[in-house]
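Chain and residue survey
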Amino acid sequence: MELKRVVVTGLGALTPIGNTLTEYWEALKQGKSGAAPVKQYDASLFKTHFACEVKDFNVEDFIDRKEARKLDQFSQYALVSATEAMANSGLMESNPNLDRIGVIWGSGIGGLKTFQDEAENFFSGDGTPRFNPFFIPKMIADIAAGHISIKYGLRGPNYVTVSACASATNAIIDAFNMIRLGKSDAIVTGGSEAAVNQMGMGGFNALKALSTRNDSPETASRPFDLDRDGFVLGEGAGALILEEYEHAIKRGATIYAEVVGGGMSGDAYHMTAPHPDGIGARNTMLAALEDAEIDATKIDYVNVHGTSTPLGDIAEVKAIKDVFGDHAYNLNISSTKSMTGHLLGAAGAIEAIACVMAVQHDIIPPTINHFTDDPAIDNKLNFTFNKAQNRVVNYAISNTFGFGGHNTSIIVKKYQK
C-alpha cells in the first residue's frame, strides 16, 4: 500500500506569549518570556508564585457567554485555537466531505479547574451531594475534541490522546497516520491544557517539579543552565490542520510544511524521572527518523523537550548525541519552553507549530535565560542561546516526553511540490 503525503494547511495558537499564530511566532523570534506572577488565584500560599498564563484573553470575544460557561478552560482554549487554524486553512470553504474530516486532540489532564471547583462546592456545603450537571462533560479530557467536531460538523475519527506531556504529539502522530493510510482527508489536531490553578500548582510543587525562582519569574525557565531548578507551569493551546496532499492541492490550499515521520517509545524506568541515559528519548527519535526514511544528518533543527529540570535536560542531550553523533554539532537545538513555560499536554502542539514556522521561515527560535554553562552538558552543541538564528531549515524534529515514560517525536519538512 502506498502511503499518502500529509501536509500542514492551517495553524492556530493561544499561548502565554501570544494569542494568535502571528503573535506567538513574533514573540518566539524576539525571545519573549511569558512568565509572571499568577493572576488567576492567590499563589502566595504556594512555593511557586508565578506561571506562564494566557494573557488578555476574554473567552466571550470568541464564544457566547452561555456556551462558554459549559466549557472548562482547556476546552475554551481548544476551540479558540482550532477556530484560528480552520479559518487559516480555508478548509470549510471548499465544501469538503465532512465524513472524512476528524479531530484528534491531546490533553494530559483535562478539566482540572472544573474538578477543583466542584470539590470545593461539595465540601463547603451542608453535606447534601449537589453537583453541576455539566461537571462531568466539562471535566473529561475527550470533550475538547467533541466540541471542535460539533462546531464544524466533522464526522470523521474523533478522540483525545492522554499521555501526560506527550499527549499533543501523540495526537499529531495519530492524525498523520490516519491521513497517510487513506482513512481521512484532513484532521484537526493539537492539544490544550489549563492547569494553572491551585490543584495544578500544589500538585507539581509537591513533586518538587516547579521552579521556585519567585524573585525573577521571567528568568525562571532556563533549560540547560547550571542553575535551573524546575519547569514553569504554562497553559494554552495549539492547533494544526493536517491534510492529505492531493486533497490540499485540489482546493488550492496554502501549505506550510509536510509531516514526514513520527516516533514513540517508553522509558520503562520511573514514574516521573527520565531514564538517565536518555534511552527512551533516543529510541523515539530513531523511530521518527526510520518512519520518515531519512538519515539523521538531514535534520537541521531539534525543538527539544527541554523543561529546565536538572535530570531531564541532561538525559535529552545524551540522547541527541547518541542519535546524531558528529552531526549533533551541526544542529541548532532550542527549548521554546524557556519562553512559553511547560504547557503539559499542549506542549507538543505549540512546539510542533514552532517547528513548522522554523522550516517555513528559516529561523530558529532561541533558548532564552542562559547565564551559566552546566559542566554536565556538552556546551559545544548549539543550543541557540538567548537569540534567534537564521539558517536554512529543511527538516525539524520536535520532542515531547511525559510522566510515565511516554516519549514522542514528530518530523516536519520544508514543503516542496
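Scroll up for the structure.
Conventions used here
- Residues numbered from 1 in each chain as written.
- Predicted model: local features only at pLDDT ≥ 70, side-chain atom pairs only at ≥ 80, totals over all residues.
- Heavy atoms only, no water.
- Helix = DSSP H or I, 4+ residues; strand = E, 2+ residues; numbered from the N terminus.
- Rg over C-alpha atoms; globule rule 2.2 N^0.38 Å.
- Contact = heavy atoms within 4.5 Å.
- Areas by Shrake-Rupley, 256 points an atom, 1.4 Å probe, with all protein chains shown as cover.
- Lys, Arg positive; Asp, Glu negative; His and termini not counted.
- Charge placed at Lys NZ, Arg CZ, Asp CG, Glu CD.
- Pairing = 2+ DSSP bridges.
- Axes fitted to C-alpha atoms, helices over the stretch in contact; angles between N-to-C directions.
- Parallel < 35°, antiparallel > 145°, perpendicular 65-115°, else oblique.
- Left-handed = near helix turned anticlockwise from the far one by under 90°.
- Nonpolar A, V, L, I, M, F, W, Y, C, P; charged D, E, K, R; others polar.
- Buried < 20%, exposed > 50% of the residue type's maximum accessible area, 1.4 Å probe, protein only.
- Arc of directions from axis to C-beta.
- Polar contact = N/O pair within 3.5 Å; in protein donor to acceptor, adjacent residues only side chain to side chain.
- Patch = residues over 30% accessible without salt bridge, like charges linked within 9 Å, V, L, I, M, F, W, Y side chains within 5 Å.
- Salt bridge = Lys/Arg side-chain N within 4 Å of Asp/Glu carboxyl O.

1. Some thoughts on the overall build of the chain
For the chain, the count of helices and strands is 13 helices and 14 strands. A compact globule built from 417 residues should have a C-alpha radius of gyration of about 22 Å, and the chain, at 20 Å, falls within 12% of that. A principal-axis box enclosing the C-alpha atoms of the chain has dimensions of 65 × 55 × 40 Å. Considering only residue pairs separated by 6 or more positions, the chain has 80% of its internal contacts joining residues 24 or more positions apart. By element, 51% of the accessible surface of the chain is carried by carbon and sulfur atoms, the whole surface being about 16,300 Å². Side-chain charges in the chain split into 36 positive and 48 negative, and the spacing between the mean points of these groups amounts to 2 Å.

2. A short note on the sheet that holds strand E13 (residues 395-402)
With mixed pairing, the 10 strands of this open sheet are ordered in space as E5-E4-E6-E7-E1-E8-E14-E13-E9-E10. Either end of the sheet is taken by a strand with one partner, and the two such strands are strand E5 (158-161) and strand E10 (332-334). Neighbour to neighbour, the strand axes of the sheet diverge by 25 degrees on average, direction disregarded. Sheet strands in contact with helix H10 (residues 279-292) are strand E8 (257-266), E13 and strand E14 (406-413), and its direction is about 140 degrees off that of E8.

3. Looking at the packing of H10 against helix H11 (residues 310-324)
Axis separation between H10 and H11 bottoms out at 8 Å; the angle between their running directions is 40 degrees. The orientation of H10 with respect to H11, classified from their angle, is oblique. Handedness of the crossing formed by H10 with H11: right-handed. The segment H10 lies against H11, with Ala281, Arg282, Met285, Leu286 and Leu289 engaging Ala319, Ile320, Asp322, Val323 and Phe324. Grouping the amino acids of the contact of H10 with H11 by side-chain chemistry returns eight nonpolar, no polar and two charged.

4. With respect to helix H8 (residues 198-206)
Buried within H8 we find Gly200, Met201, Phe204 and Asn205. The buried residues of H8 occupy one face: seen down the axis, they fall within an arc of 120 degrees. Where the residues of H8 are buried, they touch strand E3 (50-51) and helix H4 (112-123). For H8, the N-terminal cap is Asn197; the gap from its side-chain oxygen to the backbone nitrogen of Met199 is 3.3 Å.

5. Here's the deal with a nonpolar patch on the surface
Judged by side-chain polarity, Met1, Leu3 and Leu181 come together as a nonpolar surface patch covering roughly 340 Å² of accessible area. Following the sequence through the fold, Leu3 ends up in the segment before strand E1 (6-14). Given a relative accessible area of 43%, Leu3 falls into the partly exposed group.

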